[in-house]
Amino acid sequence: MSLLEVKDLHASIHHHEILKGVNLTVNAGEVHSIMGPNGSGKSTLAQVLARREAYEVTKGQVLLNGKDLLAMKPEEAACEGLFMAFQYPVEIPGISNAYFLRAALNAVRKYRGEEELDAMDFLPLLKEKMRLLEMDERFLNRPVNEGFSGGEKKRNEIVQMAVLEPRMAILDETDSGLDIDALKIVAKGVNTMRSKDRAILLVTHYQRLLDYIVTDFVHVLVDGRIVKSGGAELALELEEKGYGWTEPASAAAR
Amino acid sequence: MSTTINTIQDLTNQEYKWGFVTAVEEDTIPKGLNEDVVRLISAKKGEPEFMLDWRLKAYRYWDALEKAQGEPKWANVKFGPIDYQNMVYYSAPKKKPSLKSLDEVDPEVLRTYEKLGIPLLEQQKLAGVAVDAVFDSVSVATTFKEKLAEAGVIFCSFSEAVRNHPELVKKYLGSVVPYTDNFFASLNAAVFSDGSFVYVPKGVRCPMELSTYFRINAAETGQFERTLIVADEGAHVSYLEGCTAPIRDENQLHAAVVELVAMENATIKYSTVQNWYPGDKEGRGGIYNFVTKRGKCAGRNSKISWTQVETGSAITWKYPSCILVGDNSVGEFYSVALTNNYQQADTGTKMIHIGKNTTSTVVSKGISAGHGQNTYRGQVKILKGATGARNYTQCDSLLVGDKCGAHTFPYIEVQNSSARMEHEASTSKIGEDQIFYLRQRGLSSEEAVSMIINGFCRQVFRELPMEFAVEAQKLLSISLEGSVG
């Protein structure tokens, strides 16, 4: 059984159709990349999969580990193992990173019938993950994302992913706004997270993230549809020829 | 801040859980208010002449005020007429509370406090907190008295203070809030039946937190308690009050007065977790919480700090204030006020700078949910002689939903040009993006809102003693129940 199965997914926001029939199958152990020009619907796909309520699904089906994802609330999807690293991580003033992450982890653990972790058990775990992402321990006690630089926010997303250990991780333009050093650190985090039980879906505009993360499949999203799929070499071809190159294929797909 | 998320979750599913009534035989006087009632209350308490005189002066002042203009109308709250003749002004558990031993307290009353999580039997007490329990009109028990007495600290019910320390009461009663201060303060002065009294002598650091727990039980009864805290030179005391009431359909009046006096180098920290019954979802019933709280920093380098978490009451009308008389004295006000359903709050502070180099800090966090209306009203006044005075005011409002309101009325009056004033204000809504972010990490929408609000209130919560900070967080979650989604 596939970890994520997207079938003919149509979705709108404010009655404006963005996704126009997306099909995608992701198996455990795989890394997929969704690429596409601005406005093609990449982020919408990520948000719909994370169950953001502002988007209305008008048609189609999505299965997460065989379960109907579209019937789940965002927190249920999260507890079922779906994680999304945000393109624009949100600030939560007054709540420390450590407190927030323990609450999140315990929510997920509780859902799975696992014992909750107290601060004493949780802190070493968090510190280890932060070391991996080369984040200073002082971030533990700083309010969630408040006063973080763009790069720190993105790294913080990966720390969260590492702590929550999702089965299906979606990274929404995590590479945007990162300098090359930060990009390498994020890539290292993602690479460390690769496992046979986990799948990763990278949503990205640029090919450069793929210089550091080996992707198994690349899908090109244009105007709300996947117009081309292939291996890692497809990303390089895109980089070279631009998205315009896929347009005839896009037309053909109609 | 160690309350786990799931505790909050469990609590969000609860309604007002302190709403039970204790079946206890009460000694209740007939409804209505006149000079005879005032005399009766004074007689029941066996008060000396000076107290009765003071009460009668207050009553006459109030009576004239009531006939002339009634309650003050300037607050941003709405309520129907209050019939002061249709209310009971004295109600006490019949068994005479003993001042020496808990054995003589009605076991029903003890059980009530146990149910509220306030065990009065000392061996069960949280270490380090002494409690005075006020049930309707009287103080039923004060714990840890002997231990406090060893340090020279007087902590007892007001009635007891009148009997045993009349010279102190006479000296300080009404010295910060005179009986002519305002309508409800006058009413309180006339009919107040009990409350807490604290005196910390020179140079003494009170060895434990002091706490008063107020409980309204009887129906159609007003609660009028009075608290007086005096910290003599170099003394230090931290005091907390909590309060609950049964669920009743009619509104009940709570008009308290708190007076604080801090002498040279003394510090008083006064924390309140106010959880009177707020009324039901349609706004029926609930307590009218019309309270006058004021502290006087009488001596040099003295400090008074108010922290309040206001989650209960149908209407809250209170402005814990500081009069900064002594040079270099410090006044602080940290407040969280939450209004949900049809609750109304008009609350804030007054910082009156009289002495030189006096400083004040005001941090107010207002949260409005449901149809709640939340008003911050604050006055900062720098008098002519207050050279080098400083004030920092931060006033933030958070809106949950689109039917509530947040209002801010800051009054700033500066008569000395050397003053430094800072005022920051913000109004925000809980963002859909914030809630979604937290839900994507596995938290329910109620947990998410709870977390965002706790974060919003953090500056205030960290001023509270630890146990009470936890209680305050839980209270906010309960009070917000049903306001999301």
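Up top is the structure these notes are about.
The rules behind the values
Residues numbered from 1 in each chain as written. Chains lettered and ligands numbered in written order. Predicted model: local features only at pLDDT ≥ 70, side-chain atom pairs only at ≥ 80, totals over all residues. Helix = DSSP H or I, 4+ residues; strand = E, 2+ residues; numbered from the N terminus. Rg over C-alpha atoms; globule rule 2.2 N^0.38 Å. Buried ≥ 20, exposed ≤ 12 C-beta atoms within 10 Å, placed from the backbone. Pairing = 2+ DSSP bridges. Contact = placed C-beta atoms within 7 Å. Axes fitted to C-alpha atoms, helices over the stretch in contact; angles between N-to-C directions. Nonpolar A, V, L, I, M, F, W, Y, C, P; charged D, E, K, R; others polar.

1. Quick look at the overall build of chain A
Step number 1: For chain A, the helix and strand inventory stands at eight helices and 12 strands.
Step number 2: In terms of C-alpha radius of gyration, chain A reaches 18 Å, essentially the compact-globule figure of 18 Å for 254 residues.
Step number 3: Structurally, chain A occupies a C-alpha span of about 60 × 40 × 35 Å along its principal axes.
Step number 4: The buried share of chain A, reckoned over its 254 residues, is 47%.

2. Here's the deal with the sheet that holds strand β4 (residues 56-64) of chain A
Residues and elements named next belong to chain A.
Step number 1: Read from one edge to the other, the open sheet built from four strands follows the order β2-β1-β4-β5, with strand pairing classed as antiparallel. Every other strand in the sheet has two partners, leaving β2 (16-26) and β5 (67-68) as the edge strands with one partner each.
Step number 2: Inspection of the sheet shows β4 paired to β5 by two bridges, in the antiparallel sense. Its bridge partner being in β5, L63 is matched across the sheet by D68.
Step number 3: Docked against the sheet, helix α1 (residues 42-49) engages β1 (4-13), β2 and β4, running at close to 70° with respect to β2.

3. Notes on the interface of chain B and chain A
By a frequent convention, interface size equals the accessible area lost on bringing the separate parts together.
Step number 1: Taken residue by residue, the interface counts 20 residues in chain B and 24 residues in chain A.
Step number 2: For the side of chain B that touches chain A, the elements supplying multiple residues, two or more each, are α1 (5-12), α9 (432-440) and α10 (445-456) of chain B.
Step number 3: Counting residues per element, the side of chain B that touches chain A draws most heavily on α9 of chain B, which supplies six residues.
Step number 4: By residue class, the composition of the side of chain B that touches chain A is eight nonpolar, eight polar and four charged.

4. Remarks on the sheet that holds strand β3 (residues 31-35) of chain A
All names here are of chain A.
Step number 1: If you walk across this open sheet you meet the six strands as β6-β9-β10-β3-β11-β12, and the pairing is mixed. Looking at strand neighbours, the two that pair on one side only are β6 (82-85) and β12 (225-230), the edges of this open sheet. In this sheet, neighbouring strand axes are inclined to one another by 20° on average, regardless of whether the strands run parallel or antiparallel.
Step number 2: Relative to strand β11 (residues 217-222), β3 is paired through four bridges, and the arrangement is parallel. The residue of β11 that forms the bridge with I34 is H219.

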